[in-house]
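Here is how the chains run, residue by residue.
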Amino acid sequence: MTTIVEATGLTKRYGKVTAVDDATFAVRAGTITGLLGRNGAGKTTLMHLITGQEFATSGSIALLGESPVENAGVLQHTCFIKESQRYPDDFKPKHVFATAPRFFANWDSAFARELINEFRLPVDRRIKKLSRGQLSSVGVIVGLASRAPLTIFDEPYLGLDAVARQTFYDRLLADYAEHPRTVILSTHLIDEVADLLEHAIVVDSGRVIIDSSVDALRADAATIAGPASVVDQATRSLTVLHREALGGFVSVTVTNVSDDDRRAARDAGLEVSAVSLQQLIIRQTGGAPDHHTHSTLTEEASR
Amino acid sequence: MDDGRPIFLQIAEQIENQIIDGTYGEGGQVPSINEFAAFHRINPATALKGITMLVDTGVLYKRRGIGMFVADGARDRLLAERRERFGTEFVRPLVAEARALGLTTDQLTEMIRKEAP
(Lines give C-alpha, C1' and ligand atoms only; values in the text may rest on other atoms or scores of the structure.)
Protein backbone atom coordinates (compact mmCIF):
# COMPACT_ATOMS: atom_id res chain seq x y z
CA MET A 1 0.00 0.00 0.00
CA THR A 2 1.29 3.43 -0.83
CA THR A 3 1.22 6.27 1.61
CA ILE A 4 -0.19 9.64 0.70
CA VAL A 5 0.86 11.54 3.82
CA GLU A 6 3.95 10.77 5.80
CA ALA A 7 5.08 12.59 8.94
CA THR A 8 8.38 11.95 10.65
CA GLY A 9 9.21 13.53 13.99
CA LEU A 10 6.86 16.34 13.06
CA THR A 11 6.83 19.13 15.64
CA LYS A 12 5.13 22.52 15.70
CA ARG A 13 5.65 25.04 18.48
CA TYR A 14 3.95 28.37 18.94
CA GLY A 15 6.18 30.12 21.47
CA LYS A 16 6.08 27.92 24.54
CA VAL A 17 3.13 25.87 23.34
CA THR A 18 3.93 22.62 21.57
CA ALA A 19 0.88 21.97 19.39
CA VAL A 20 2.32 18.95 17.61
CA ASP A 21 4.97 16.98 19.39
CA ASP A 22 7.26 14.58 17.54
CA ALA A 23 4.47 13.03 15.47
CA THR A 24 5.35 10.12 13.24
CA PHE A 25 2.58 8.51 11.21
CA ALA A 26 1.52 7.64 7.70
CA VAL A 27 -1.85 7.86 5.98
CA ARG A 28 -2.33 5.06 3.48
CA ALA A 29 -3.68 6.02 0.09
CA GLY A 30 -7.26 4.95 -0.54
CA THR A 31 -8.38 4.77 3.08
CA ILE A 32 -10.84 6.72 5.16
CA THR A 33 -8.66 7.66 8.08
CA GLY A 34 -9.96 9.25 11.26
CA LEU A 35 -7.92 11.94 12.94
CA LEU A 36 -9.31 11.78 16.43
CA GLY A 37 -8.66 13.44 19.72
CA ARG A 38 -9.97 15.96 22.17
CA ASN A 39 -10.37 19.64 21.46
CA GLY A 40 -6.97 21.28 21.50
CA ALA A 41 -5.16 17.99 21.00
CA GLY A 42 -3.44 19.31 17.88
CA LYS A 43 -5.68 17.91 15.13
CA THR A 44 -6.17 21.18 13.28
CA THR A 45 -2.48 22.10 13.49
CA LEU A 46 -1.66 18.68 12.03
CA MET A 47 -4.02 19.28 9.13
CA HIS A 48 -2.50 22.71 8.52
CA LEU A 49 0.93 21.09 8.42
CA ILE A 50 -0.28 18.38 6.04
CA THR A 51 -1.67 21.00 3.67
CA GLY A 52 1.35 23.28 3.87
CA GLN A 53 -0.40 26.13 5.64
CA GLU A 54 2.07 26.04 8.48
CA PHE A 55 5.81 25.48 8.62
CA ALA A 56 6.97 22.66 10.83
CA THR A 57 9.28 23.71 13.66
CA SER A 58 11.17 20.48 13.14
CA GLY A 59 10.68 17.08 11.57
CA SER A 60 9.23 16.53 8.15
CA ILE A 61 5.91 16.16 6.44
CA ALA A 62 5.43 14.75 2.96
CA LEU A 63 2.29 14.95 0.88
CA LEU A 64 2.43 12.61 -2.12
CA GLY A 65 6.14 12.32 -1.42
CA GLU A 66 6.86 16.06 -1.47
CA SER A 67 6.88 18.93 0.98
CA PRO A 68 3.45 20.58 0.75
CA VAL A 69 4.62 24.10 1.59
CA GLU A 70 3.93 26.37 -1.40
CA ASN A 71 3.86 23.30 -3.57
CA ALA A 72 0.97 23.81 -5.97
CA GLY A 73 1.88 20.57 -7.70
CA VAL A 74 0.78 18.41 -4.79
CA LEU A 75 -1.74 20.77 -3.21
CA GLN A 76 -3.92 20.73 -6.33
CA HIS A 77 -4.70 17.11 -5.44
CA THR A 78 -5.96 18.16 -2.04
CA CYS A 79 -9.25 19.53 -0.81
CA PHE A 80 -9.19 20.81 2.76
CA ILE A 81 -12.56 21.63 4.30
CA LYS A 82 -11.97 23.74 7.35
CA GLU A 83 -14.30 24.20 10.22
CA SER A 84 -13.95 27.97 9.94
CA GLN A 85 -13.72 28.46 6.18
CA ARG A 86 -14.02 32.13 5.21
CA TYR A 87 -15.54 33.35 1.97
CA PRO A 88 -15.47 36.78 0.30
CA ASP A 89 -18.12 39.05 1.83
CA ASP A 90 -20.65 39.12 -1.02
CA PHE A 91 -20.24 35.48 -1.95
CA LYS A 92 -23.26 33.27 -2.29
CA PRO A 93 -23.04 29.47 -2.28
CA LYS A 94 -23.63 29.46 -6.05
CA HIS A 95 -20.42 31.49 -6.50
CA VAL A 96 -18.50 28.96 -4.44
CA PHE A 97 -19.76 26.09 -6.60
CA ALA A 98 -19.13 28.05 -9.80
CA THR A 99 -15.46 28.67 -8.94
CA ALA A 100 -14.83 25.19 -7.53
CA PRO A 101 -14.07 23.52 -10.90
CA ARG A 102 -11.09 25.86 -11.28
CA PHE A 103 -9.53 24.43 -8.16
CA PHE A 104 -10.56 20.81 -8.40
CA ALA A 105 -9.83 18.85 -11.55
CA ASN A 106 -12.31 16.10 -10.65
CA TRP A 107 -15.17 18.44 -9.71
CA ASP A 108 -18.53 16.85 -10.50
CA SER A 109 -21.15 19.55 -10.86
CA ALA A 110 -24.06 17.13 -11.31
CA PHE A 111 -23.12 15.49 -8.01
CA ALA A 112 -22.84 18.95 -6.40
CA ARG A 113 -26.38 19.78 -7.59
CA GLU A 114 -27.72 16.55 -6.10
CA LEU A 115 -26.06 17.36 -2.78
CA ILE A 116 -27.39 20.93 -2.81
CA ASN A 117 -30.90 19.50 -3.09
CA GLU A 118 -30.30 16.91 -0.44
CA PHE A 119 -28.92 19.42 2.04
CA ARG A 120 -31.62 21.92 1.01
CA LEU A 121 -29.03 24.62 0.67
CA PRO A 122 -30.26 28.05 -0.54
CA VAL A 123 -27.58 28.76 -3.16
CA ASP A 124 -28.72 32.30 -3.85
CA ARG A 125 -28.46 33.65 -0.34
CA ARG A 126 -25.40 35.55 0.87
CA ILE A 127 -23.05 33.35 2.80
CA LYS A 128 -23.07 35.88 5.65
CA LYS A 129 -26.80 35.23 6.05
CA LEU A 130 -26.56 31.44 6.14
CA SER A 131 -27.11 29.54 9.36
CA ARG A 132 -24.17 27.72 10.87
CA GLY A 133 -25.51 24.41 9.58
CA GLN A 134 -26.02 25.75 6.06
CA LEU A 135 -22.48 27.13 6.08
CA SER A 136 -21.21 23.70 7.09
CA SER A 137 -23.13 22.08 4.28
CA VAL A 138 -21.39 24.36 1.76
CA GLY A 139 -18.10 22.87 2.94
CA VAL A 140 -19.43 19.33 2.95
CA ILE A 141 -20.71 19.68 -0.62
CA VAL A 142 -17.41 21.14 -1.84
CA GLY A 143 -15.50 18.37 -0.09
CA LEU A 144 -17.60 15.59 -1.58
CA ALA A 145 -18.06 16.96 -5.11
CA SER A 146 -14.38 17.91 -5.45
CA ARG A 147 -13.47 14.20 -5.49
CA ALA A 148 -9.93 15.29 -4.68
CA PRO A 149 -7.44 12.42 -4.32
CA LEU A 150 -6.91 13.62 -0.75
CA THR A 151 -9.93 15.18 0.94
CA ILE A 152 -9.58 16.46 4.48
CA PHE A 153 -12.61 17.31 6.57
CA ASP A 154 -11.92 19.20 9.79
CA GLU A 155 -15.00 18.90 12.03
CA PRO A 156 -17.19 19.51 8.99
CA TYR A 157 -20.55 19.22 10.70
CA LEU A 158 -20.82 22.19 13.07
CA GLY A 159 -24.48 23.14 13.22
CA LEU A 160 -25.56 20.22 11.04
CA ASP A 161 -28.44 18.33 12.56
CA ALA A 162 -28.49 14.55 12.94
CA VAL A 163 -30.31 14.05 9.62
CA ALA A 164 -27.82 16.16 7.68
CA ARG A 165 -24.87 14.44 9.34
CA GLN A 166 -26.28 11.05 8.39
CA THR A 167 -26.71 12.30 4.82
CA PHE A 168 -23.08 13.37 4.85
CA TYR A 169 -21.85 9.99 6.12
CA ASP A 170 -24.02 8.03 3.68
CA ARG A 171 -22.98 10.14 0.70
CA LEU A 172 -19.34 9.98 1.72
CA LEU A 173 -19.42 6.16 1.93
CA ALA A 174 -21.33 5.67 -1.30
CA ASP A 175 -19.18 8.08 -3.28
CA TYR A 176 -15.97 6.76 -1.77
CA ALA A 177 -16.99 3.24 -2.79
CA GLU A 178 -17.55 4.38 -6.37
CA HIS A 179 -14.64 6.78 -6.58
CA PRO A 180 -11.95 5.48 -4.22
CA ARG A 181 -9.78 8.22 -2.76
CA THR A 182 -8.14 9.15 0.49
CA VAL A 183 -10.25 10.87 3.11
CA ILE A 184 -9.03 12.24 6.42
CA LEU A 185 -11.90 12.90 8.77
CA SER A 186 -11.11 14.90 11.85
CA THR A 187 -13.82 14.66 14.44
CA HIS A 188 -14.66 14.26 18.05
CA LEU A 189 -17.99 12.57 17.27
CA ILE A 190 -16.17 9.27 17.29
CA ASP A 191 -19.17 6.97 17.79
CA GLU A 192 -20.86 8.42 14.71
CA VAL A 193 -17.96 7.75 12.37
CA ALA A 194 -16.32 4.69 13.95
CA ASP A 195 -17.69 2.24 11.38
CA LEU A 196 -16.75 4.46 8.44
CA LEU A 197 -13.10 4.46 9.36
CA GLU A 198 -10.55 1.97 8.20
CA HIS A 199 -7.74 3.52 10.17
CA ALA A 200 -7.51 5.77 13.19
CA ILE A 201 -4.84 8.21 14.25
CA VAL A 202 -5.44 9.49 17.75
CA VAL A 203 -3.65 12.56 19.04
CA ASP A 204 -3.46 13.70 22.61
CA SER A 205 -1.56 16.78 23.77
CA GLY A 206 0.12 16.99 20.38
CA ARG A 207 1.38 13.42 20.43
CA VAL A 208 0.20 10.55 18.26
CA ILE A 209 -0.86 7.92 20.79
CA ILE A 210 -2.69 5.50 18.49
CA ASP A 211 -1.99 4.77 14.83
CA SER A 212 -3.82 1.57 14.01
CA SER A 213 -6.44 -0.10 11.89
CA VAL A 214 -9.85 0.23 13.53
CA ASP A 215 -10.43 -3.52 13.24
CA ALA A 216 -7.24 -4.23 15.15
CA LEU A 217 -8.17 -1.71 17.83
CA ARG A 218 -11.54 -3.33 18.34
CA ALA A 219 -10.15 -6.83 18.32
CA ASP A 220 -7.55 -5.81 20.85
CA ALA A 221 -9.78 -4.34 23.53
CA ALA A 222 -12.50 -5.65 25.80
CA THR A 223 -14.31 -4.90 29.01
CA ILE A 224 -14.26 -7.80 31.45
CA ALA A 225 -16.60 -7.74 34.41
CA GLY A 226 -17.37 -9.94 37.39
CA PRO A 227 -16.20 -10.69 40.94
CA ALA A 228 -13.02 -8.73 41.67
CA SER A 229 -10.75 -11.66 42.46
CA VAL A 230 -11.78 -13.60 39.35
CA VAL A 231 -11.44 -10.55 37.08
CA ASP A 232 -8.04 -9.64 38.46
CA GLN A 233 -6.87 -13.19 37.96
CA ALA A 234 -8.12 -13.23 34.37
CA THR A 235 -6.64 -9.85 33.47
CA ARG A 236 -3.30 -10.32 35.21
CA SER A 237 -1.26 -10.44 32.02
CA LEU A 238 -3.30 -7.83 30.12
CA THR A 239 -2.86 -4.07 29.86
CA VAL A 240 -5.45 -2.47 32.10
CA LEU A 241 -6.70 0.91 30.87
CA HIS A 242 -9.43 1.43 33.36
CA ARG A 243 -10.93 -0.23 36.38
CA GLU A 244 -14.23 0.48 38.04
CA ALA A 245 -15.43 -1.21 41.20
CA LEU A 246 -18.84 -1.55 42.78
CA GLY A 247 -18.50 -3.43 46.03
CA GLY A 248 -16.91 -6.75 45.13
CA PHE A 249 -17.83 -6.39 41.46
CA VAL A 250 -15.34 -4.86 39.07
CA SER A 251 -15.35 -3.90 35.44
CA VAL A 252 -11.98 -3.61 33.77
CA THR A 253 -11.15 -2.25 30.33
CA VAL A 254 -8.15 -4.04 28.90
CA THR A 255 -6.10 -4.13 25.71
CA ASN A 256 -3.84 -6.78 24.19
CA VAL A 257 -6.70 -9.23 24.56
CA SER A 258 -6.49 -12.42 22.50
CA ASP A 259 -9.36 -14.72 21.59
CA ASP A 260 -7.98 -17.20 24.11
CA ASP A 261 -8.12 -14.57 26.85
CA ARG A 262 -11.75 -13.87 25.98
CA ARG A 263 -12.64 -17.54 26.03
CA ALA A 264 -10.84 -18.11 29.32
CA ALA A 265 -12.64 -15.15 30.88
CA ARG A 266 -16.03 -16.41 29.65
CA ASP A 267 -15.27 -19.91 30.90
CA ALA A 268 -14.47 -18.41 34.29
CA GLY A 269 -18.02 -17.00 34.30
CA LEU A 270 -17.00 -13.42 33.55
CA GLU A 271 -18.83 -11.06 31.27
CA VAL A 272 -16.80 -10.01 28.25
CA SER A 273 -18.07 -7.12 26.21
CA ALA A 274 -17.05 -4.75 23.46
CA VAL A 275 -15.34 -1.44 23.93
CA SER A 276 -16.48 1.15 21.44
CA LEU A 277 -13.80 3.12 19.65
CA GLN A 278 -15.01 6.18 21.53
CA GLN A 279 -14.70 4.47 24.92
CA LEU A 280 -11.27 3.19 24.02
CA ILE A 281 -10.09 6.63 23.04
CA ILE A 282 -11.57 8.23 26.14
CA ARG A 283 -9.68 5.69 28.23
CA GLN A 284 -6.46 6.38 26.42
CA THR A 285 -6.67 10.14 26.31
CA GLY A 286 -7.05 10.76 29.98
CA GLY A 287 -10.57 9.85 30.92
CA ALA A 288 -13.81 11.77 30.70
CA PRO A 289 -13.44 15.50 30.07
CA ASP A 290 -14.20 16.40 33.68
CA HIS A 291 -12.51 15.16 36.82
CA HIS A 292 -11.35 11.70 35.79
CA THR A 293 -8.26 13.03 34.09
CA HIS A 294 -5.88 10.84 36.04
CA SER A 295 -8.08 7.80 36.49
CA THR A 296 -5.84 5.58 34.38
CA LEU A 297 -2.77 6.43 36.38
CA THR A 298 -4.37 6.23 39.79
CA GLU A 299 -6.11 2.97 38.99
CA GLU A 300 -2.93 1.46 37.71
CA ALA A 301 -1.09 2.63 40.80
CA SER A 302 -3.69 1.21 43.15
CA ARG A 303 -3.46 -2.25 41.68
CA MET B 1 -23.65 -4.24 14.18
CA ASP B 2 -21.79 -4.39 17.43
CA ASP B 3 -21.03 -7.29 19.67
CA GLY B 4 -17.40 -6.54 20.28
CA ARG B 5 -15.81 -8.60 17.59
CA PRO B 6 -14.28 -7.02 14.52
CA ILE B 7 -17.02 -5.89 12.14
CA PHE B 8 -15.72 -7.99 9.24
CA LEU B 9 -16.29 -11.13 11.31
CA GLN B 10 -19.82 -10.01 12.08
CA ILE B 11 -20.46 -9.36 8.39
CA ALA B 12 -19.11 -12.80 7.49
CA GLU B 13 -21.23 -14.45 10.16
CA GLN B 14 -24.35 -12.62 9.06
CA ILE B 15 -23.89 -13.80 5.48
CA GLU B 16 -23.36 -17.34 6.80
CA ASN B 17 -26.57 -17.05 8.78
CA GLN B 18 -28.42 -15.96 5.67
CA ILE B 19 -27.03 -18.89 3.73
CA ILE B 20 -28.18 -21.22 6.51
CA ASP B 21 -31.68 -19.73 6.62
CA GLY B 22 -31.93 -19.80 2.84
CA THR B 23 -31.93 -16.05 2.16
CA TYR B 24 -29.04 -16.68 -0.21
CA GLY B 25 -29.43 -19.98 -2.02
CA GLU B 26 -26.55 -22.06 -3.27
CA GLY B 27 -25.37 -20.84 -6.65
CA GLY B 28 -27.16 -17.55 -6.03
CA GLN B 29 -25.52 -14.16 -6.03
CA VAL B 30 -24.91 -12.20 -2.83
CA PRO B 31 -24.94 -8.37 -2.75
CA SER B 32 -21.81 -6.49 -3.77
CA ILE B 33 -19.24 -5.17 -1.33
CA ASN B 34 -20.45 -1.62 -1.90
CA GLU B 35 -24.02 -2.68 -1.21
CA PHE B 36 -23.01 -4.33 2.05
CA ALA B 37 -20.99 -1.25 2.99
CA ALA B 38 -23.85 1.14 2.26
CA PHE B 39 -26.44 -1.04 4.02
CA HIS B 40 -24.43 -1.49 7.20
CA ARG B 41 -22.85 1.97 6.96
CA ILE B 42 -19.37 0.56 7.20
CA ASN B 43 -16.15 1.13 5.36
CA PRO B 44 -16.06 -0.89 2.09
CA ALA B 45 -12.63 -2.24 3.07
CA THR B 46 -14.27 -3.82 6.12
CA ALA B 47 -17.01 -5.41 4.02
CA LEU B 48 -14.37 -6.66 1.59
CA LYS B 49 -12.48 -8.29 4.45
CA GLY B 50 -15.59 -10.17 5.58
CA ILE B 51 -16.37 -11.37 2.07
CA THR B 52 -12.76 -12.34 1.41
CA MET B 53 -12.86 -14.48 4.50
CA LEU B 54 -15.87 -16.37 3.13
CA VAL B 55 -14.14 -16.76 -0.23
CA ASP B 56 -11.07 -18.17 1.54
CA THR B 57 -13.17 -20.68 3.45
CA GLY B 58 -14.95 -21.71 0.25
CA VAL B 59 -18.40 -20.48 1.28
CA LEU B 60 -18.51 -17.91 -1.51
CA TYR B 61 -16.79 -17.85 -4.85
CA LYS B 62 -15.95 -14.98 -7.12
CA ARG B 63 -16.93 -14.68 -10.74
CA ARG B 64 -14.69 -12.05 -12.15
CA GLY B 65 -16.57 -8.97 -13.27
CA ILE B 66 -19.92 -10.41 -12.21
CA GLY B 67 -19.92 -10.79 -8.45
CA MET B 68 -19.93 -13.17 -5.51
CA PHE B 69 -21.91 -16.39 -5.42
CA VAL B 70 -22.75 -19.01 -2.81
CA ALA B 71 -20.75 -22.20 -3.36
CA ASP B 72 -22.47 -25.55 -3.82
CA GLY B 73 -22.62 -27.50 -0.57
CA ALA B 74 -21.92 -24.34 1.45
CA ARG B 75 -25.10 -24.63 3.50
CA ASP B 76 -24.45 -28.21 4.61
CA ARG B 77 -20.87 -27.41 5.54
CA LEU B 78 -21.93 -24.36 7.55
CA LEU B 79 -24.60 -26.40 9.33
CA ALA B 80 -22.05 -29.08 10.23
CA GLU B 81 -19.66 -26.44 11.59
CA ARG B 82 -22.36 -24.73 13.60
CA ARG B 83 -23.55 -28.01 15.10
CA GLU B 84 -20.02 -28.75 16.17
CA ARG B 85 -19.75 -25.38 17.91
CA PHE B 86 -23.19 -25.68 19.46
CA GLY B 87 -21.85 -27.57 22.48
CA THR B 88 -19.24 -25.02 23.52
CA GLU B 89 -21.18 -21.94 22.48
CA PHE B 90 -24.65 -22.77 23.75
CA VAL B 91 -24.77 -25.87 25.91
CA ARG B 92 -21.76 -25.04 28.05
CA PRO B 93 -23.00 -21.58 29.14
CA LEU B 94 -26.47 -23.07 29.63
CA VAL B 95 -25.09 -25.68 31.99
CA ALA B 96 -22.95 -23.12 33.79
CA GLU B 97 -25.97 -20.89 34.40
CA ALA B 98 -28.04 -23.89 35.55
CA ARG B 99 -25.30 -24.79 38.05
CA ALA B 100 -25.15 -21.22 39.33
CA LEU B 101 -28.91 -21.42 39.97
CA GLY B 102 -28.64 -24.79 41.70
CA LEU B 103 -30.54 -26.73 39.03
CA THR B 104 -29.63 -30.41 38.78
CA THR B 105 -28.84 -32.09 35.47
CA ASP B 106 -32.17 -33.94 35.73
CA GLN B 107 -34.08 -30.72 36.26
CA LEU B 108 -32.27 -29.13 33.34
CA THR B 109 -33.00 -32.11 31.09
CA GLU B 110 -36.64 -31.96 32.13
CA MET B 111 -36.81 -28.28 31.22
CA ILE B 112 -35.28 -28.93 27.80
CA ARG B 113 -37.83 -31.70 27.16
CA LYS B 114 -40.63 -29.33 28.04
CA GLU B 115 -39.36 -26.70 25.58
CA ALA B 116 -38.69 -29.22 22.82
CA PRO B 117 -40.91 -32.24 23.28
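Quick caveat, the model's predicted, so the values are computed rather than measured. (Residues numbered from 1 in each chain as written. Chains lettered and ligands numbered in written order. Predicted model: local features only at pLDDT ≥ 70, side-chain atom pairs only at ≥ 80, totals over all residues.)

Residues and elements named next belong to chain A. Per the domain assignment, the segments of chain A are domain 1 (3-216) and domain 2 (221-302). A separation of 34 Å is found between the C-alpha centroids of domain 1 and domain 2. Listed by partner, the interface residues are 12 residues for domain 1 and 7 residues for domain 2. Mapped onto the side of domain 1 that touches domain 2, the elements with two or more residues apiece are α7 (190-193), β8 (199-204) and β9 (207-213). Among the elements that line the side of domain 1 that touches domain 2, the one with the most residues is β8, at 3 residues. (Domains from an automatic or database assignment. Contact = placed C-beta atoms within 7 Å. Helix = DSSP H or I, 4+ residues; strand = E, 2+ residues; numbered from the N terminus.)

As a further point, take the environment of H40 of chain B. With respect to the helices and strands, H40 of chain B occurs in helix α2 (residues 33-40). We classify H40 of chain B as partly exposed; it has 18 C-beta atoms within 10 Å. (Buried ≥ 20, exposed ≤ 12 C-beta atoms within 10 Å, placed from the backbone.)

Residue and element names in this part refer to chain A. Mapped onto the secondary structure, K94 falls in helix α3 (residues 93-103). Given 14 C-beta atoms within 10 Å, K94 falls into the partly exposed group. Separated by 44 residues in sequence, K94 and V138 place their C-alpha atoms 9.6 Å apart. Other than its neighbours up to four places away in sequence, K94 contacts V123 and D124.

Turning our eyes to something else, we now look at the nonpolar core. All names here are of chain A. Among the nonpolar cores identified, the biggest contains 103 residues, and I141 and I224 are the most heavily contacted of them. With 7 residues, helix α5 (residues 132-146) is the largest single contributor of residues to this core. When neighbours within four sequence positions are excluded, I141 is seen to be in contact with A112, L115, I116, F119 and L121. (Core = buried A, V, L, I, M, F, W, Y, C linked by C-beta atoms within 7 Å.)

Our focus in this paragraph is α2 of chain B. All of the buried residues in α2 of chain B are I33, F36 and A37 of chain B. Mapping the buried residues of α2 of chain B onto a view down its axis gives an arc of 100 degrees, with all of them on the same face. At its buried positions, α2 of chain B is contacted by α6 (162-178) of chain A together with α1 (7-20) and α3 (44-56) of chain B. Note on α2 of chain B: the residue one or two positions beyond its end, R41 of chain B, has a positive phi of about 55 degrees. (Arc of directions from axis to C-beta.)

Residue and element names in this part refer to chain A. One open sheet accounts for 6 strands, arranged β5-β6-β7-β3-β8-β9; its pairing is mixed. A strand with exactly one partner marks an edge of an open sheet, and here the two such strands are β5 (78-81) and β9. Put simply, the sheet's adjacent strands are angled 15 degrees from each other on average, direction ignored. Where strand β3 (residues 32-36) and β8 come together, 4 bridges link them in parallel fashion. (Pairing = 2+ DSSP bridges. Axes fitted to C-alpha atoms, helices over the stretch in contact; angles between N-to-C directions.)

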